[in-house]
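# Descriptive structure summary
Listed below, chain by chain, are the residues.
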Amino acid sequence: RKVDEENKDVCLPPSLEVPLDEHDILPSAGSARHATGDCRPCAFMDKEIGCRGGLNCNYCHFEHGGRARVRPCKGKRERYRKCLQRFQAEIDAYIACGRPLDGIADHIL
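Residues numbered from 1 in each chain as written. Predicted model: local features only at pLDDT ≥ 70, side-chain atom pairs only at ≥ 80, totals over all residues. Heavy atoms only, no water.

## Observations regarding the overall build of the protein
For the protein, the count of helices and strands is two helices and two strands. From first element to last, N terminus to C terminus, the protein shows the α and β order β-β-α-α. Across the protein, the fraction of contacts at a sequence separation of at least 24, relative to all contacts at a separation of at least 6, is 36%. When the accessible surface of the protein is totalled, it reaches about 9200 Å², and 53% of it is carbon and sulfur. (Helix = DSSP H or I, 4+ residues; strand = E, 2+ residues; numbered from the N terminus. Contact = heavy atoms within 4.5 Å. Areas by Shrake-Rupley, 256 points an atom, 1.4 Å probe, with all protein chains shown as cover.)

As structure tokens, this is what we get:
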């Protein structure tokens, strides 16, 4: 790291410069690591009320592209699993009877 003698500020290499928002302000403490890719996005920035932590938030307030898919709750995953098992059992029974699979959608649904 170099020190700018005139301003006594620490100068970072251009690849590690801290990004600033459109007002030349660091949006949050967690945003300081955005340039290195070592930050974690704030989950509240996309919400209507925004982040209450403001500048003190430990998460990054910059845009990070698409959001990760939210995992369904445990109950919903269990219902999906049971539904798939029921459909598979009905398909197996349909096949065991020797029926063609052409009309199975009408039978199951």
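## Observations regarding helix α1 (residues 74–96)
Compared with the 33 Å implied by 1.5 Å per residue over 23 residues, the 33 Å span of α1 between its first and last C-alpha is a close match. Just beyond α1, the residue with positive phi is Gly98, at close to 85°. (Expected span 1.5 Å × (residues − 1).)

## Overview of the side chain of Ser31
Among the structural elements, Ser31 can be located in the loop between β2 (9–11) and α1. Judged by its relative accessible area of 0%, Ser31 falls in the buried class. In terms of polar contacts, Ser31 uses its side chain to reach the backbone amide nitrogen of His61, at 2.9 Å. (Buried < 20%, exposed > 50% of the residue type's maximum accessible area, 1.4 Å probe, protein only. Polar contact = N/O pair within 3.5 Å; in protein donor to acceptor, adjacent residues only side chain to side chain.)

## Points about the packing of aromatic side chains
The relative placement of two aromatic rings is captured by the distance of their centres and the angle of their planes. Going through the model one piece at a time under the given rule, you end up with zero aromatic pairs. Over the ring of Phe87 we find Arg86; its NZ or CZ atom is 5.4 Å from the centre of that ring. (Phe/Tyr/Trp six-rings, centres within 6.5 Å; stacked < 30°, edge-to-face > 60°. Lys NZ or Arg CZ within 6 Å of the ring centre and 35° of its normal.)

## Brief notes about the pattern of salt bridges
Scanning the model with the defined rule gives one salt bridge in all. In this structure, Glu78 and Arg81 form a salt bridge, with 2.3 Å as the shortest nitrogen-oxygen distance. Residue Glu78 and its partner Arg81 are both found in helix α1; the two are separated by three residues, about one turn of the helix. The class for Arg81 is partly exposed, based on a relative accessible area of 39%. (Salt bridge = Lys/Arg side-chain N within 4 Å of Asp/Glu carboxyl O.)

## Structural notes on the state of the cysteines
Two cysteines joined by a covalent bond between their sulfur atoms form a disulfide. Using the criterion set out here, one finds zero disulfides in the structure. Distance from the sulfur of Cys51, which forms no disulfide, to the nearest cysteine sulfur (Cys57) is 3.6 Å. (Disulfide = S-S within 2.5 Å.)

## Considerations on the confidence of the model for the protein
For any part of a model where pLDDT is low, the fine detail of the predicted coordinates should not be relied upon. Looking at the protein, pLDDT values average 75 and 70% of them are 70 or higher. Mean pLDDT across the elements of the protein bottoms out in strand β1 (residues 2–4) (39) and peaks in α1 (91). (pLDDT = per-residue confidence, 0-100.)

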